[in-house]
Amino acid sequence: MTDEVDARYAYTNKITSIVSISSKNATCQSTVQGSSKTVTKIVVKQTLQYKSGTKWLEVASWVETVNKSSVSFNNTKYNIGSGTYRVKTTADVYSGSKYETVTAYSKTASC
């Protein structure tokens, strides 16, 4: 699922969150694009989640910090169990000392 960020965000143009599963390996892809004129840093957390009943449980997470206005962040969790998964992407997008937090969820994928 690709989330186009709406006008209430001051610094973030787009955030995407994707999961794909092949041979019991989950590939997680996150992209955050901030305004090139104002954004100085992005801290992005990518979390692979597993559906257990009505709850989503954390399987793995990764964090990346970049001192630029966009970031693409890819990680793989190997040998996952059977079930339904998604990726949650949360980013703190900075403009100087100010920042906003944006979140996107991927579509689900099953193993």
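Remember, predicted model here, so these are calculated numbers, not experimental data.

Chemist: In this structure, what is going on with the pairing of strand β7 (residues 84–95)? I would like to understand it.
Modeler: Where a strand is regular, its side chains alternate between the two sheet faces. With ten bridges joining them, strand β4 (residues 41–52) and β7 adopt antiparallel strand pairing. Of the residues in β7, the one forming a bridge with Val44 is Ala91. Note: β7 against strand β9 (residues 109–110), two bridges, orientation antiparallel. Across the sheet, residue Tyr85 finds its bridge partner in β9, namely Ala109. Sheet analysis places β7 next to strand β8 (residues 98–105), joined by eight bridges and oriented antiparallel. Bridge pairing in β8 links Lys88 to Tyr105. Between β7 and the antiparallel strand that follows it, β8, lie two residues; Gly96 among them carries a positive phi value of about 65°.

Chemist: Would you mind showing me how to read the nonpolar core here?
Modeler: Soluble, globular proteins show a tendency: their nonpolar side chains are buried together. In this structure, Val32, Ile42, Val44, Val71, Ala91 and Val93 are the most contacted members of the largest nonpolar core, which totals 13 residues. Aside from chain neighbours lying at most four places away, what touches Val44 is Val32, Trp62, Val63, Glu64, Val71, Phe73, Thr89, Thr90 and Ala91. Of all hydrophobic cores here, the second largest spans eight residues; its members include Cys28, Leu48, Ile80 and Tyr85.

Chemist: Teacher, can you tell me more about the pairing of strand β3 (residues 25–34) here?
Modeler: Side chains of β3 alternate between two faces, with Ala26, Cys28, Ser30, Val32 and Gly34 buried and Asn25, Thr27, Gln29, Thr31 and Gln33 left unburied. Judged from the ten bridges that link them, strand β2 (residues 12–22) and β3 form a sheet pairing that is antiparallel. Each bridged residue has a counterpart across the sheet, and for Thr16 the counterpart in β3 is Thr31. Taken together, the eight bridges between β3 and strand β6 (residues 70–77) define a ladder with antiparallel strand orientation. The residue bridging Val32 from the neighbouring strand is Val71, located in β6.

Rules behind the numbers
Residues numbered from 1 in each chain as written. Predicted model: local features only at pLDDT ≥ 70, side-chain atom pairs only at ≥ 80, totals over all residues. Heavy atoms only, no water. Pairing = 2+ DSSP bridges. Helix = DSSP H or I, 4+ residues; strand = E, 2+ residues; numbered from the N terminus. Core = buried A, V, L, I, M, F, W, Y, C linked by side-chain atoms within 4.5 Å. Buried < 20%, exposed > 50% of the residue type's maximum accessible area, 1.4 Å probe, protein only. Contact = heavy atoms within 4.5 Å.

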